[in-house]
Amino acid sequence: MRRSLLLVTMFGLAACSDQTEQTYTVEELVADEALLSSIVKKCRNNLGELRGTANCRNAESADGKLRLQRMRQSLGG
């Protein structure tokens, strides 16, 4: 009886919890520049809350990586 009550409570709490956003890797963001752009825009519009999130950190890294790639290409490298 206690076990079933515990399971029902756990499932109930899990159903009420907020949905978490998918976390993208740096490589995924480099490959999809539209997604990268939307995440960077979202992060810059709400720095106070989102600055430390994994997606914002990964987007910042991916943005830097793409900028370096573009610089190398423009310099003929």
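Caption draft 1: View of the overall build of the chain. Scanning the chain from N- to C-terminus turns up 5 helices and 0 strands. Each helix (α) and strand (β) of the chain, taken in turn from the N terminus, gives the series α-α-α-α-α. Looking at the chain residue by residue over its 77 residues, the buried ones come to 22%. Carbon and sulfur atoms provide 56% of the accessible area of the chain, an area that totals close to 6,400 Å².

Caption draft 2: Structural detail: the nonpolar core. With 14 residues, the main nonpolar core has Leu 29, Leu 36, Ile 39, Ala 59 and Ala 62 as its most contacted residues. Those elements that provide at least two residues to this core are helix H2 (26–31), helix H3 (33–45) and helix H5 (54–74). Counting residues per element, this core draws most heavily on H3, at 5 residues.

Caption draft 3: Focus on the environment of Gly 64. Locating Gly 64 in the fold gives a position in helix H5. Exposure remark for Gly 64: the relative accessible area of 28% places this residue in the partly exposed category.

Conventions adopted
- Residues numbered from 1 in each chain as written.
- Predicted model: local features only at pLDDT ≥ 70, side-chain atom pairs only at ≥ 80, totals over all residues.
- Heavy atoms only, no water.
- Helix = DSSP H or I, 4+ residues; strand = E, 2+ residues; numbered from the N terminus.
- Buried < 20%, exposed > 50% of the residue type's maximum accessible area, 1.4 Å probe, protein only.
- Areas by Shrake-Rupley, 256 points an atom, 1.4 Å probe, with all protein chains shown as cover.
- Core = buried A, V, L, I, M, F, W, Y, C linked by side-chain atoms within 4.5 Å.

Scope: geometric values only; no functional claims are made or implied.
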